[in-house]
Amino acid sequence: MTTTVRWLRKQLAGLLALVVMAALFVASRLPESSAEEVDELAGGFRFAPLSIAMPSGFPQQEIREVNQDYTDIDAWISSVGAGIAMNDLDGDGLANDLCVTDPRIDQVVVTPTPGARSDRYAPFVLEAGALPMNDVMAPMGCAPGDFNEDGYMDLLVYYWGRTPIVHLARPGEVLLGAGSYQPVELVPGDTGPRYNGPQWNSNAVAIDDFDGDGHLDIYLGNYFQHGPVLDPSVSGGVSMNDSLSNASNGGEDYFFRWAGASGGASPSVSFDRVDDVLPQDLSKGWVLGASANDVDGDHLPELYLAQDHGRDAMLHNRSTPGTIAFEPLQGPSSPLVPKSKRIGADSFKGMAVDWGDLDRDGLYDLFVSNITTSFGIEESNYQFMATPGSRSEMRAQLQAGEAPWEDRSTDEGTAWSGWAWDVKMADFDNSGHLAIAQTNGFVKGQHNRWPQLQELATSNDLVVHDPAWWPNVRAGDDIAGNQRLHLFARKPDGGYVNVAGQLGLDVPVPTRGIATGDADGDGRLDLAVARQWGQPAFYQNQAPDPGAFIGLKLTHEGPPGTPGSPVIGAQVTVTTPDGRTLIERSDGGGGHSGKRSNDVHIGLGDVTGPVTVGVKWRDRAGVVHEQELSLTSGWHSLRLGSQAKEK
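Residues numbered from 1 in each chain as written. Predicted model: local features only at pLDDT ≥ 70, side-chain atom pairs only at ≥ 80, totals over all residues. Heavy atoms only, no water.

Asks: Just checking my understanding: could you explain the UniProt feature "domain: ASPIC/UnbV" (unreviewed entry) in the protein chain for this structure?
Replies: Under the UniProt annotation, "domain: ASPIC/UnbV" (unreviewed entry) lies at residues 568-621. Spanning residues 568-621, this segment combines 0% helix with 48% strand, and its end C-alpha atoms are found 14 Å apart. (UniProt positions renumbered as here; feature names shortened; annotations may be inferred. Helix = DSSP H or I, 4+ residues; strand = E, 2+ residues; numbered from the N terminus.)

Printed below as a string of structure tokens:
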């Protein structure tokens, strides 16, 4: 045996390891696109930045005061709360109103979208009226919905430091203003004048008819344990997560089942709190995002919970009228799929989630935001693609406790973007394909704290629950502070590429909530973005050559003369003349801190002439109906009772 052969045999294990490492490196690299290809792809989109009017006269802050135990990480604790929702609040038929939670003033602002008709009313702050408040709470998000079913849009505001408030719209208001809403408690109890009730710390909301009785229910996810997170006069009563990948010591989550309501000059609504829907380990996860959608065709919405510090939850709906029930699902086990990529067993930092049919196979896919910073915390986003061949096959697998989605983010070019937050999938150019808009960035400052954070990431789980073990993150410190909004656009041959830079969307300011809607009725979805400690942004869609589209404003039969109550959870299927099937739903409000319009929007590409539109909905009595219509491109308003009738 020659010396060379003996040497090769001795080094065989090392050489094989090098080959495997090289293969994994090549396999894990993001698909690359040429600059010309990216520019050409970006050419189908165009957004004009417009300023959002905000009220003046409120004290400004750049960081929050926090519990004394959190003093050295007050910038970390101050990293959430910028939210934005887009909807039709004044009943003019357009999604041209915004509800903004602004950390700079810790207020909830209602303001018109900029552009045409932005002078309809002046921006104003929602007031709590006679409800008890205090100075150690902060709003985290605003979710529109007609909660008392009178045909006018209300607003649910959730907080750190108190239970949520429902601002019920007073009917007949000609001009929106602070007096247009009647604030009522979601959880009655504390009477004030200073709030001393439960100190919930809520960061996630999903709104849908969970039990199938025909009325809206609410999922509310709490992040920190109930306690004085924002009270600087207190030391103690708070903690951090007990693990960086499998924590279950967060705030308890709740469901609220609709119980009754009234309209008129003094509107009211009541919900029954349901505490035992989720297993304790999921209910006390550190949830930052949630989204509901019926994926198996039984018209009961499933629910996905994006849990910071690990173990997201995919919940199959097993409810009956009057009883909310879910069953956690598990992704299939495979030697080729790491545990961190399996639904129900993952360990990544779930931040937000959205549903959409990315491959246009008639089944809903999932996109989940995680922390994906190179040389930081490099996990990956999840682009969970549905694997069943049909809706019936999907239903059978869900009934068996399986979550039939697999992550293809690496192959599709969507795996890495930054410290990611909210995500919305939408067809911004009406091409018939969804783009993926995603916010990014954490804490902006001058002093890089990534090395210290890396030390924390390798810490023992036995110590991380104590804030004293965390690295300092204070005013002036920076972690992912220059990361930017992403817009992943689909390439003609498949896969995605970020075109935000070519479109002027990648401003180096941390962003949080995303909302979408057609503010001016031109069929092109506009984009509204909440920035953490920055001015919110509105991007008017000016796509130069958009395709055709079907837009549906779906409302329940209700009192004459009212704008109408959106039919949340309605499912829409469009069949094009060439046989393609396109699906979408009326979203009640999910994600992180951004809430899209309830309108249904489906791009059609170069389709001309009428298309077949199937609508499936549940009426106020809980009865499910289906109907097919032949509709031409454009916006259509349908009243849904026992039949669909165009207004």
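Asks: So what exactly am I meant to see when it comes to unusual backbone geometry here?
Replies: Keep in mind that most residues, glycine aside, have a negative phi and that most peptide bonds are trans. Residue Arg311 is not a glycine yet carries a positive backbone phi of 55°. For Arg311, the position within the fold is in the loop between strand E15 (302-308) and strand E16 (313-317).

Asks: What is the right way to read the sheet that holds strand E26 (residues 486-490) from this model?
Replies: Pairing is antiparallel in the open sheet, where four strands are placed in the order E22-E23-E26-E27. Lying at the two open borders of the sheet, with one neighbouring strand each, are strand E22 (420-426) and strand E27 (496-498). Taken pair by pair, the neighbouring strands of this sheet meet at an average axis angle of 20°, ignoring direction. (Pairing = 2+ DSSP bridges. Axes fitted to C-alpha atoms, helices over the stretch in contact; angles between N-to-C directions.)

Asks: I would appreciate a short explanation of the domain arrangement of the protein chain in the present structure.
Replies: When the parts of a complex come together, some accessible area is lost, and that lost area is often taken as the interface size. Split by domain assignment, the protein chain resolves into domain 1 (3-27), domain 2 (38-541) and domain 3 (549-646). With centres defined by C-alpha atoms, the gap from domain 2 to domain 3 works out at 24 Å. The interface of domain 2 with domain 3 comprises 73 residues on the first partner and 43 residues on the second. Summed over both sides, the interface between domain 2 and domain 3 buries roughly 4,100 Å², with carbon and sulfur atoms accounting for 47% of that surface. Per-residue buried area on domain 2 facing domain 3 is highest for His299, Arg360 and Tyr364; these three make up 15% of the total on that side. For the pair domain 2 and domain 3, the number of links is four salt bridges. Arg585 is paired through a salt bridge with Asp354; the nearest N and O atoms lie 3.5 Å apart. In this assembly, domain 2 and domain 3 are joined by 33 residue pairs in polar contact (both at pLDDT 80 or more). Elements that contribute at least two residues to the side of domain 2 that touches domain 3 include exactly strand E2 (83-87), strand E6 (138-145), strand E10 (202-208), strand E14 (286-293), strand E18 (352-356), E22 and strand E28 (511-517). (Domains from an automatic or database assignment. Contact = heavy atoms within 4.5 Å. Buried area = accessible area lost by both parts, 1.4 Å probe. Salt bridge = Lys/Arg side-chain N within 4 Å of Asp/Glu carboxyl O. Polar contact = N/O pair within 3.5 Å; in protein donor to acceptor, adjacent residues only side chain to side chain.)

Asks: Looking at this model, I keep getting lost on the packing of aromatic side chains. Mind explaining?
Replies: Where two aromatic rings form a pair, the distance of their centres and the angle of their planes describe that pair. Per the stated rule, a full pass over the model turns up 23 aromatic pairs. Taking 6.4 Å as the distance between ring centres and 15° as the angle between the ring planes, the aromatic pair formed by Trp421 and Phe442 counts as stacked. Separated by 21 residues along the polypeptide, Trp421 in strand E22 and Phe442 in the loop between strand E23 (435-440) and strand E24 (447-448) bring together distant segments of the chain. Above the plane of the ring of Tyr254 lies Arg273, whose end atom (NZ or CZ) is 4.4 Å from the centre. Here the guanidinium or amino end of Arg512 rests over the ring plane of Trp421, the centre of that ring lying 4.1 Å away. (Phe/Tyr/Trp six-rings, centres within 6.5 Å; stacked < 30°, edge-to-face > 60°. Lys NZ or Arg CZ within 6 Å of the ring centre and 35° of its normal.)

Asks: How should I be thinking about the environment of Arg360 in this particular structure?
Replies: Structurally, the position occupied by Arg360 is in the loop between E18 and strand E19 (365-369). On the accessibility criterion, Arg360 (16% relative accessible area) is buried. It is 8.6 Å that separates the C-alpha atoms of Arg360 and Gly432, two residues lying 72 residues apart in sequence. What Arg360 contacts, discounting residues up to four positions off in sequence, is Gly432, His433, Leu434, Thr581, Leu582 and Ile583. (Buried < 20%, exposed > 50% of the residue type's maximum accessible area, 1.4 Å probe, protein only.)

Asks: Explain the pattern of salt bridges to me, please; I cannot follow it from the model alone.
Replies: Side chains that differ in charge, positive against negative, can pair when their charged atoms come close. Overall, the coordinates contain 29 salt bridges when judged by the stated rule. The salt bridge involving Arg120 is made with Asp97; its shortest N-O contact spans 3.0 Å. With Arg120 in the loop between strand E4 (107-112) and strand E5 (124-125) and Asp97 in strand E3 (residues 97-102), this pair connects stretches of sequence that are 23 residues apart. Looking at Arg120, the relative accessible area reads 13%, which means it is buried. Lys424 serves as the salt-bridge partner of Asp422, at 3.1 Å between the closest nitrogen and oxygen. With relative accessibility at 0%, the residue Lys424 sits in the buried group. What emerges from the salt-bridge pattern is a single network uniting Asp90, Asp92, Asp97, Arg117 and Arg120.

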